Amino acid sequence: MRVVQRPASPAAFAVAAAEVITEHLQVKPQSALALPTGNTPLGLYAELARRFRSGALDLRHAYLFNLDEYAGVTRDDPHSYAAFIERYLLAPLNFSADKVRLLMGDAADLERECRSYDAAIAAREGIDLCVLGLGTNGHIAFNEPGTDWNLGTHIVQLSAETRATHAAQTADEWRIPTWGITMGIRTILKARAILLLIAGTGKDAAKRALYQEQVDERFPVTCLANHPDLTVIELCEPAERR
Ligand code: GLP
């Protein structure tokens, strides 16, 4: 089944996304979640934190993975994705360390880190709900156009477009790394449910490809077209409607 929702405000977008996660955890409290970095999920994470504080969201039994990381960047570097997850999820939702496995971009042996990550996912019997954002070039996690769709967690060379997009969003002079590590499309497609969140500019070509519902290797997001449990929530503010 493929569900597309188009909330018209960032607040409604955050609530719609939080609702999917909340319902998922009500059905299976011990769910393994994979959650993304980026601007798109910020409202969602604030909404999850609100629900957690009010007692409407119980995360005690959930397990958390993230999707990707810059290679060579330490967890305590504020530019790292791990620091993002720590700041917007782990701290506000009071996740205990034994319920979280994040990709470590500064692991001495990145190949080994990838295998260890796959093993951690397998130990949880796979991902129950994988929440994804969308890159301007159609990437999901760091699965760039041209990536092999049959990979588990792997090392990836970031595209010039991705690096430029990230550089434009970075407030300081930090140099965007050339390499990253990412959960692979094979693992993402094995998730029992997928929630794709779409917001932000420059994504029209990727969205068009997605909504054609046909696999198009130029846009990795189209790998989701045949997933049996995909929900898409696209922020569609009135000014952007056409
Ligand atoms: C980054 C991340 C993705 C994220 C995407 C969208 O490149 N690797 O996991 O989903 O960009 O980011 P944003 O939500 O800021 O548009």
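Cut-off values and rules
- Residues numbered from 1 in each chain as written.
- Predicted model: local features only at pLDDT ≥ 70, side-chain atom pairs only at ≥ 80, totals over all residues.
- Heavy atoms only, no water.
- Phe/Tyr/Trp six-rings, centres within 6.5 Å; stacked < 30°, edge-to-face > 60°.
- Helix = DSSP H or I, 4+ residues; strand = E, 2+ residues; numbered from the N terminus.
- Buried < 20%, exposed > 50% of the residue type's maximum accessible area, 1.4 Å probe, protein only.
- Lys NZ or Arg CZ within 6 Å of the ring centre and 35° of its normal.
- 1 Å grid on protein atoms, 1.4 Å probe; cavity = no way out; pocket = protein on both sides within 12 Å on 5 of 7 lines; lining within 4 Å.
- Points joined across faces, edges and corners; volume = space filled by probe spheres on them.
- Nonpolar A, V, L, I, M, F, W, Y, C, P; charged D, E, K, R; others polar.
- Near = heavy atom within 4 Å.
- Polar contact = N/O pair within 3.5 Å; in protein donor to acceptor, adjacent residues only side chain to side chain.
- Areas by Shrake-Rupley, 256 points an atom, 1.4 Å probe, with all protein chains shown as cover.
- Sits in = over half its atoms within 2 Å of the grid points.
- Salt bridge = Lys/Arg side-chain N within 4 Å of Asp/Glu carboxyl O.

Draft legend 1. Local environment of the packing of aromatic side chains. If you walk through the whole model with that rule in mind, you get eight aromatic pairs. Ring centres of Tyr70 and Tyr81 lie 4.8 Å apart, and the angle between their planes is 50°; on these two criteria the pair is classed as tilted. With a gap of eleven residues between them, Tyr70 in strand E4 (residues 68-70) and Tyr81 in helix H3 (residues 81-90) connect regions that are remote in the sequence. Accessibility assignment for this pair places Tyr70 and Tyr81 in one class, buried. Counting every residue linked through ring pairs, the aromatic cluster contains Tyr70, Tyr81, Phe142 and Trp174. Here the basic side chain of Arg6 rests over the ring of Tyr211, its NZ or CZ set 4.9 Å away from the ring centre.

Draft legend 2. Quick peek at empty space enclosed by the protein. The tally for this structure, following the rule as stated, stands at one cavity of 30 Å³ or more. Estimates place the volume of the largest cavity at around 30 Å³. Looking at the largest cavity, the residues that line it are Ile21, Leu33, Leu35, Leu48, Leu59, Leu89 and Leu93. Taken together, the residues that form the lining of the largest cavity break down as seven nonpolar, no polar and no charged.

Draft legend 3. Molecular detail of the site of the ligand. For the ligand, the set of nearby residues contains 13 residues, the closest of which are Thr40, Asp68, His139, His166 and Lys203. One of the side-chain nitrogen or oxygen atoms of His139 is found 2.8 Å away from an oxygen atom of the ligand. When isolated, the ligand has an accessible area of 390 Å², and the protein chains bury 93% of it. When atom positions are compared with the pocket grids, the ligand is found to occupy the largest pocket. In terms of residue class, the shell around the ligand is made up of four nonpolar, seven polar and two charged.

Draft legend 4. Focus on the pattern of salt bridges. Applying the stated rule across the entire model yields 14 salt bridges. One salt bridge connects Lys28 with Asp128, and the closest N-O pair in it is separated by 2.7 Å. Taken together, the residues span a long stretch of sequence, with Lys28 in the loop between helix H1 (10-27) and strand E2 (32-35) and Asp128 in the loop between helix H4 (110-123) and strand E6 (129-132) at a distance of 100 residues. Glu86 serves as the salt-bridge partner of Arg75, at 3.6 Å between the closest nitrogen and oxygen. Of this pair, Arg75 sits in the loop between E4 and H3 while Glu86 sits in helix H3; the two residues are eleven residues apart in sequence, bridging distant segments of the chain. Residue Glu86 is classed as partly exposed on the basis of its relative accessible area of 34%.

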